[in-house]
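Single-letter residue listing:
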Amino acid sequence: MKNLLGTLGKSACLLTLGVTSAFASQEYIVKLKEGASLAQHKSFSSVETLGVSFGNFVKVTGENIDKEMLSANPEVLYIEKNQEYTFSPVDMGEVLQDASYTKQWGLKNTGRNSGTFWAPGKKGEDINAENVWKVSRGSNELRVAVIDTGVDHTHSDLKANMWVNEAEKNGEPGVDDDGNGYVDDVHGYDFANNDGDPKDGHGHGTHCAGVIGAVHNRAGIRGVMSKVKIIGVKFLTDRGSGTTENAIKSVDYAIKVGAHVMSNSWGGGGFSQALLDSIKAANEAGIVFVAAAGNSRRNNDTSDTYPANYEVENVISVGAMDGAGKKASFSNYGKKKVHVFAPGKDILSTVKSNGYQKMSGTSMATPFVSGGVGLLLSRNPNMTPAEVREQLMATSVRNGSLDSYTASGRMDAYKLIRNKR
Ligand SMILES: [Ca+2]
Ligand SMILES: [Ca+2]
Ligand SMILES: [Ca+2]
């Protein structure tokens, strides 16, 4: 009986695989030589130019595409699968009405706002926000691209800190008024739906945006930066997944509109040369690329986690700390490859529809670092990404609990700005 079931199981599985590969459409990202184009082939249903600035990329769609044949084409530099990326907050609380600064333990940990009866928080395990705000509050010139599920740019706690493309705001609907190649990109762009409105149908991207730059008024919460211009770059759908194609288009867009920092609370898939090329292009443009270390409790020194693990000097991989100053149980870690930790458990921030919510994940730790880097660059706009990362790591606090999980410690925004080592 056991044998029979085993055999049936196996053949059923094979059958499923067969069906999938025969009918499913495949998508590949292909980098071609400059000026080259791809000749039509019967297995292609479409060849689409991606139009990014760092190479001649096309997306090839079709059934039974012969990857070997494509690779052998002398015009092809490389070919890879159009992969899928996701974000993964490990925990999402209820949407709150009574959001307040006193609950933001990541900014000011009182020891009473950061834990539970069973797992108490620890006073001072935060990013030292109140001290840094005496020195820097950010700048209206500093642009942070939140590459995510979009941003609710109408949120009352975000609106004043959204980037505004004036030519589009005062221009005509349906027209690319500033001629940057994107129609109606007033506050950013939506690559998931190919339109100029990166509104957030999920909440995750808005949460990240609030951690970076919620307005310092008397209502709701405060961001790490009180002055910043947030660019909403949406490539994750409202269900939270996106492709290599739209990830590299997003990075390209953020470069084109002059972002200083890219905040990336997403990951997945395997190695992608195309994504790596886009990150290198961002590095050459002097843009810091902050990335979530991941939420699968893994050691990133021995397991590949992308984009956090790409070895480009502008990449800062961020792990999540809990309210006691310890590694959050879900957080990935890495003595070599995770550069820094930041608050990432029970983080209160903005969500869509003018709401507030607590979420947990390295997704939430990442924008704390994007904001900290934003504060630094507001004061020192000429620092290179390599210098930023070096200073971030050298000024991080080694609190004992995190020592074996990261190359440095917990980000201290005040020490970072003052370069106190
Ligand atoms: Ca435009
Ligand atoms: Ca327009
Ligand atoms: Ca506020």
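In the block above lies the structure referred to throughout.
I will try to describe carefully the structure that is included in this document. (Residues numbered from 1 in each chain as written. Chains lettered and ligands numbered in written order. Predicted model: local features only at pLDDT ≥ 70, side-chain atom pairs only at ≥ 80, totals over all residues.)

**Structural notes on the overall build of the protein**
Logical step 1: When helices and strands are tallied, the protein shows 10 helices and 16 strands.
Logical step 2: In terms of C-alpha radius of gyration, the protein reaches 22 Å, essentially the compact-globule figure of 22 Å for 421 residues.
Logical step 3: Projected onto its principal axes, the C-alpha positions of the protein cover 70 × 65 × 40 Å.
Logical step 4: With 421 residues in all, the protein has 52% of them scored as buried.
Logical step 5: In the protein, 73% of the contacts between residues at least 6 apart in sequence involve partners at least 24 apart. (Helix = DSSP H or I, 4+ residues; strand = E, 2+ residues; numbered from the N terminus. Rg over C-alpha atoms; globule rule 2.2 N^0.38 Å. Buried ≥ 20, exposed ≤ 12 C-beta atoms within 10 Å, placed from the backbone. Contact = placed C-beta atoms within 7 Å.)

**Examining the sheet that holds strand 9 (residues 227-234)**
Logical step 1: The strand order across the open sheet formed by 7 strands is 8-9-7-11-12-13-14, and the pairing between neighbours is parallel. A single partner strand is all that each edge strand has here, and the edge strands are strand 8 (188-190) and strand 14 (340-343). Shown here is a sheet whose adjacent strand axes are inclined to one another by a mean of 30°, direction ignored.
Logical step 2: Both strand 8 and strand 9 contribute to a ladder of 3 bridges, which runs parallel. For glycine 188, the partnering residue across the bridge sits in strand 9 and is glycine 232. (Pairing = 2+ DSSP bridges. Axes fitted to C-alpha atoms, helices over the stretch in contact; angles between N-to-C directions.)

**Some words on the packing of helix 5 (residues 204-213) against helix 8 (residues 362-379)**
Helix packing for two helices is described by the angle between their axes and how far apart those axes are.
Logical step 1: With their axes 8 Å apart at the nearest point, helix 5 and helix 8 run at an angle of 35° to one another. Judged by the sense of rotation from one axis to the other, the crossing of helix 5 with helix 8 is right-handed. Note on element contacts: helix 8 touches helix 5 through Ser363, Met364, Thr366, Pro367, Phe368, Ser370, Gly371 and Gly374, opposite His204, His207, Cys208, Val211, Ile212 and Gly213.
Logical step 2: Among the residues making up the contact of helix 5 with helix 8, the classes are represented as 6 nonpolar, 8 polar and no charged. (Left-handed = near helix turned anticlockwise from the far one by under 90°. Nonpolar A, V, L, I, M, F, W, Y, C, P; charged D, E, K, R; others polar.)

**Topic: unusual backbone geometry**
Logical step 1: In this structure, the amide linkage connecting tyrosine 306 to the following residue, proline 307, adopts the cis form with an omega of 5°.
Logical step 2: Considering the arrangement of structural elements, one finds proline 307 in the loop between strand 12 (288-292) and strand 13 (315-321).
Logical step 3: The backbone of asparagine 64 sits at a positive phi, close to 55°, despite the residue not being glycine.
Logical step 4: Take asparagine 64: it is sitting in the loop between strand 3 (56-62) and helix 2 (67-72).
Logical step 5: Residue asparagine 64 is classed as exposed on the basis of its C-beta count, with 12 C-beta atoms lying within 10 Å.

**A look at helix 7 (residues 273-284)**
Along an α-helix, residues three or four positions apart point the same way, because every turn accommodates 3.6 residues.
Logical step 1: The end-to-end C-alpha distance of helix 7 is 16 Å, a good match for the 16 Å that 12 residues give at a rise of 1.5 Å each.
Logical step 2: Residues of helix 7 that are buried: Ala274, Leu275, Asp277, Ser278, Ile279 and Ala282.
Logical step 3: Downstream of helix 7 by one or two residues, glycine 286 has phi in the positive range, about 80°. (Expected span 1.5 Å × (residues − 1).)

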